[in-house]
Amino acid sequence: MTSKTLALDGPAGSGKSSVSRAVAQRLGWVMLDTGAMYRAITWAVLQANIDLHDRAAIAQQALSTTIEITTDPRSFNIAANGVDVTKAIRSPEVTAAVSAVSAVPEVRELLVQLQREAVANSDFGIVIEGRDIGTVVLPDSRLKVFLTATPEARAKRRSLEVDPLADNQMIAQTQEELLSRDEKDSGREHSPLKPALDSRIVDTSELSLEQVVDQLVILAHETYS
Ligand code: DC
């Protein structure tokens, strides 16, 4: 089991995914995208036509869904019940439904257990990114970082990821969606999005990807050398 962990949390569009991938590569570590796991369960729930208000059915579906996820920062793949859902989990339908699914306590219990197993089975250091990593999944991690950014910066980043030619109208709509998802993720009863008391808060609004990565690599070296 590795003792080198970077628990990386933050809202949608704060740059977590790109940052964790790059930091893991620089450190020679692996990475785990926990949001992708919530998305894969959501994909399975939508495939099964389950009503998003039916928490018991969502919990049941989660229990019968097998997730396989890679941790190599250079190539990412995720499968649900043997189906490659790497692309499908980024669809607008999954994005719109994922907050409802990830608010179900049984779904969280199941995935938190899988996430801790992935850390326990890793021989390398691991960057693990999500919303509750520092608070719930790995509360004893020696290094916790919470990325923030203004809603404007996050919406712009997210829109340009989806469409490099995104216009102002698209960015404004993305901002509305991000804020609505933040509100659900931060306001939910179980494991809401919030920094752990011992998290370092890094505001990425005015920083380039390289600048954020540099900061985190330095923190990792300071913590684990
Ligand atoms: O990081 P992302 O946008 O792919 O995450 C998708 C959703 O999953 C997000 O709206 C909240 C949820 N999530 C969560 O509740 N806990 C995590 N550790 C990771 C993601």
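Preceding this section is the structure that the text describes.
All of the points below concern the structure found in this document. (Residues numbered from 1 in each chain as written. Predicted model: local features only at pLDDT ≥ 70, side-chain atom pairs only at ≥ 80, totals over all residues. Heavy atoms only, no water.)

### Description of helix α9 (residues 209–224)
In plain terms, the rule: By the criteria applied, helices consist of DSSP H or I runs no shorter than four residues and strands consist of E runs no shorter than two, each listed in order from the N terminus. For a helix, the expected span equals 1.5 Å multiplied by the residue count minus one. Relative accessibility under 20% of the residue-type maximum defines a buried residue, over 50% an exposed one, and the middle range a partly exposed one, all with a 1.4 Å probe and only protein chains included. Here, the arc refers to the directions that run from the helix axis to the C-beta atoms.
End to end, α9 covers 22 Å across 16 residues, agreeing with the expected 22 Å (1.5 Å per residue, within 8%). Taken as a whole, α9 has its buried residues at Val212, Val213, Leu216, Val217, Leu219, Ala220, Thr223 and Tyr224. Summarising the axial view, the buried residues of α9 lie within an arc of 160°, below the 170-degree limit, and thus occupy one face. The outward face of α9, more than 90 degrees from its buried face, is lined by the exposed residues Glu210 and Glu222.

### What to know about the nonpolar core
So the rule is basically this: What is meant by a nonpolar core is a set of buried Ala, Val, Leu, Ile, Met, Phe, Trp, Tyr and Cys residues, joined one to another through side-chain atoms within 4.5 Å. By the convention used here, residues are in contact when the closest approach between their heavy atoms is within 4.5 Å.
Judged by nonpolar contacts, the single largest core of 33 residues is most densely connected at Ile41 and Val107. Of all the secondary-structure elements, those providing two or more residues to this core are β2 (30–33), α2 (34–47), α3 (55–63), β4 (78–80), α4 (92–102), α5 (105–120), β6 (126–130) and α6 (133–137). With eight residues, α2 is the largest single contributor of residues to this core. Setting aside residues no more than four positions away along its own chain, Val107 makes contact with Tyr38, Ile41, Ile58, Ala62 and Val101. Residues Leu27, Leu143, Leu216 and Tyr224 belong to the second largest nonpolar core, which totals 20 residues.

### Notes on the pairing of β2
Operational definition: Paired strands are those between which DSSP finds at least two bridges.
The alternating pattern of β2 places Val30 and Leu32 and Met31 and Asp33 on opposite faces, both of which are buried. Pairing between β2 and β6: four bridges, direction parallel. Bridge pairing in β6 places Leu32 opposite Ile128.

### Some points on α4
For α4, the full list of buried residues reads Val94, Ala97, Val98, Ser99, Val101 and Ser102. Each element contacted by the buried residues of α4 is listed here: α2, α3, α5 and α8 (168–187).

### Some words on the sheet that holds strand β7 (residues 143–148)
What counts, and what does not: A fitted line through C-alpha atoms represents every axis, and for helices the fit uses only the stretch in contact; the resulting angles, taken between N-to-C directions, go from 0 to 180 degrees.
With parallel pairing, five strands are arranged side by side in an open sheet as β2-β6-β1-β7-β8. Here the strands that pair on one side only, and so sit at the sheet edges, are β2 and β8 (200–203). Adjacent strand axes in the sheet meet at a mean angle of 20°, parallel and antiparallel pairs treated alike. Relative to β6, strand β1 (residues 5–9) runs parallel, the two sharing five bridges. Within β6, the residue paired with Leu8 across the bridge is Glu129. The sheet contacts of helix α1 (residues 16–27) involve β1, β2, β6 and β7, and relative to β6 the element is tilted by about 175°.

### Here's the deal with the pattern of salt bridges
Note the following rule: Just to be clear on terms, a salt bridge is a Lys or Arg side-chain nitrogen sitting within 4 Å of an Asp or Glu carboxyl oxygen.
One pass over the structure, following the stated rule, counts ten salt bridges. Between Glu161 and Arg158 there is a salt bridge; the shortest N-O distance is 3.3 Å. Here Glu161 and its partner Arg158 are both found in helix α7 (residues 151–162), three residues apart, which amounts to about one turn of the helix. With relative accessibility at 52%, the residue Glu161 sits in the exposed group. A relative accessible area of 24% places Arg158 in the partly exposed class. Between Arg188 and Asp185 there is a salt bridge; the shortest N-O distance is 3.7 Å. When sorted by exposure, Arg188 lands in the same class as Asp185, which is buried.

### Describing the sheet that holds strand β3 (residues 67–69)
The strands that make up a sheet are held in pairs by hydrogen bonds between backbone atoms, and each pair lies either parallel or antiparallel. Sheet architecture is open: three strands sit in the order β3-β4-β5, paired in antiparallel fashion. Both edges of this open sheet fall to β3 and β5 (83–84), since each of them pairs with a single strand only. Direction of pairing for β3 relative to β4: antiparallel, over a ladder of three bridges. The residue bridging Ile69 from the neighbouring strand is Ile78, located in β4.

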